[in-house]
Amino acid sequence: MSEFTADWLLRAHPVPEQARAEWHNQGVALLPLGRQFAAVRLTGTLVQTALGTKCPEQVAAALDERLDGPVIHDNRTTGPTYYALIQWHAGLVWDLGETAPCLCGDTYLGVPRLDRRQPPGTYWVVPPSYDGDLCRPQDVRDLIHEGRRQGEDEAVAVVR
């Protein structure tokens, strides 16, 4: 990861030096969404169901392969949550808000320093590889649809 990639992320903040200080002091900076990128919030259950595994290493490898872009993990009070970073303008037409909302506009996301790759706290499951590296929205949609389909299949199997 280059310093250029860090600078690209920090440019999302109106005062990049403030975000850099947050990275230095807390390891995570609150960056506004909708300027450099947006983020699709994915529940841990949806991701694990789509990928067929709960093993963190397998989830990370599968997300890297399937989404080919940066993904952040945060263990919220509601459980594990993943954030796939996509182009900001894709959030304007995102239509899977009930299952996986696209966060942009007046929303801030805790974005870890590039070297934070494991728990505790917020960390990169898949860090960006270069300036402007983002997940393709269609790849994120496909993952969501797979998780929903697998979840429905599991529910039918339990009923039988």
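Residues numbered from 1 in each chain as written. Predicted model: local features only at pLDDT ≥ 70, side-chain atom pairs only at ≥ 80, totals over all residues. Heavy atoms only, no water.

### Concerning the overall build of the protein chain
Here is step 1: Counting secondary structure elements, the protein chain contains five helices and seven strands.
Here is step 2: Across the protein chain, helices and strands are ordered from the amino to the carboxyl terminus as α-α-β-β-α-α-β-β-β-β-β-α.
Here is step 3: For the protein chain, whose C-alpha radius of gyration is 16 Å, the value lies close to the compact-globule estimate of 15 Å for 160 residues.
Here is step 4: Viewed in the frame of its principal axes, the protein chain has a C-alpha envelope of about 55 × 35 × 30 Å.
Here is step 5: Counting all 160 residues of the protein chain, 48% fall into the buried class.
Here is step 6: Here the protein chain displays about 8,600 Å² of accessible surface, and carbon together with sulfur accounts for 50% of that area.
Here is step 7: Here the protein chain contributes 15 positively and 21 negatively charged side chains, and the mean placements of these two sets differ by 3 Å. (Helix = DSSP H or I, 4+ residues; strand = E, 2+ residues; numbered from the N terminus. Rg over C-alpha atoms; globule rule 2.2 N^0.38 Å. Buried < 20%, exposed > 50% of the residue type's maximum accessible area, 1.4 Å probe, protein only. Areas by Shrake-Rupley, 256 points an atom, 1.4 Å probe, with all protein chains shown as cover. Lys, Arg positive; Asp, Glu negative; His and termini not counted. Charge placed at Lys NZ, Arg CZ, Asp CG, Glu CD.)

### Details of the pairing of strand β1 (residues 28–32)
Here is step 1: Of all five residues making up β1, four are buried, and the element is well covered by its neighbours.
Here is step 2: Two strands pair when backbone bridges link them, and β1 and strand β6 (residues 108–112) are joined in this way by five bridges, in the antiparallel orientation. Bridge pairing links P32 to Y108 in β6. (Pairing = 2+ DSSP bridges.)

### Focus: a nonpolar patch on the surface
Here is step 1: Taken together, the side chains of W88, L92 and V93 define a hydrophobic patch exposed on the protein surface, amounting to about 340 Å² of accessible area.
Here is step 2: The residue V93 is located in the loop between β4 (79–86) and β5 (102–103) in this model. (Patch = residues over 30% accessible without salt bridge, like charges linked within 9 Å, V, L, I, M, F, W, Y side chains within 5 Å. Salt bridge = Lys/Arg side-chain N within 4 Å of Asp/Glu carboxyl O.)

### As for the nonpolar core
Looking at soluble globular proteins, one finds that nonpolar side chains tend to be buried together.
Here is step 1: Of all hydrophobic cores here, the largest spans 27 residues; its most connected members are V40, L42, L63, I86, V140 and I144.
Here is step 2: Those residues in contact with I144, other than ones at most four positions away along the chain, are V40, L42, L46, W94, L96, T99 and A100. (Core = buried A, V, L, I, M, F, W, Y, C linked by side-chain atoms within 4.5 Å. Contact = heavy atoms within 4.5 Å.)

### Remarks on unusual backbone geometry
What you tend to see is this: most non-glycine residues have negative phi, and most peptide bonds are trans.
Here is step 1: Cis geometry marks the peptide bond from P119 to P120, where omega comes out at 10°.
Here is step 2: With respect to the secondary-structure elements, P120 resides in the loop between β6 and β7 (123–126).
Here is step 3: Phi at D68 is positive, roughly 50°, even though this residue is not glycine.
Here is step 4: Looking at the secondary structure, you find D68 in the loop between α4 (56–67) and β3 (71–76).

### Things to note about the sheet that holds strand β2 (residues 38–43)
Here is step 1: Strand order across the open sheet formed by five strands is β5-β2-β4-β3-β7, with antiparallel pairing between neighbours. Taken across any chain shown, the strands that pair with only one partner, and hence form the sheet edges, are β5 and β7.
Here is step 2: For β3 and β4, the ladder comprises six bridges, and the chain directions are antiparallel. Along β4, the bridge assignment pairs V71 with A84.
Here is step 3: Contacts from helix α3 (residues 44–51) reach β2 and β4 within the one sheet, and its direction differs from that of β2 by about 75°.
Here is step 4: Here α4 sits on the sheet and contacts β3, β4 and β7; the angle it forms with β7, its principal contact strand, is near 60°. (Axes fitted to C-alpha atoms, helices over the stretch in contact; angles between N-to-C directions.)

### Points about the side chain of T122
Here is step 1: Of note, T122 is situated in the loop between β6 and β7.
Here is step 2: There is a polar contact of 3.1 Å between the side chain of T122 and the side chain of D74.
Here is step 3: Setting aside residues up to four positions removed in sequence, T122 forms contacts with V28, I72, H73, D74, G110, P112 and R116. (Polar contact = N/O pair within 3.5 Å; in protein donor to acceptor, adjacent residues only side chain to side chain.)

### A closer look at the confidence of the model for the protein chain
Here is step 1: Residue-level pLDDT values for the protein chain average 92, and 94% of them are 70 or greater.
Here is step 2: In this model, residues 155–160 is a region of pLDDT below 50 whose contacts with residues beyond four sequence positions or in other chains number zero contacts. (pLDDT = per-residue confidence, 0-100.)

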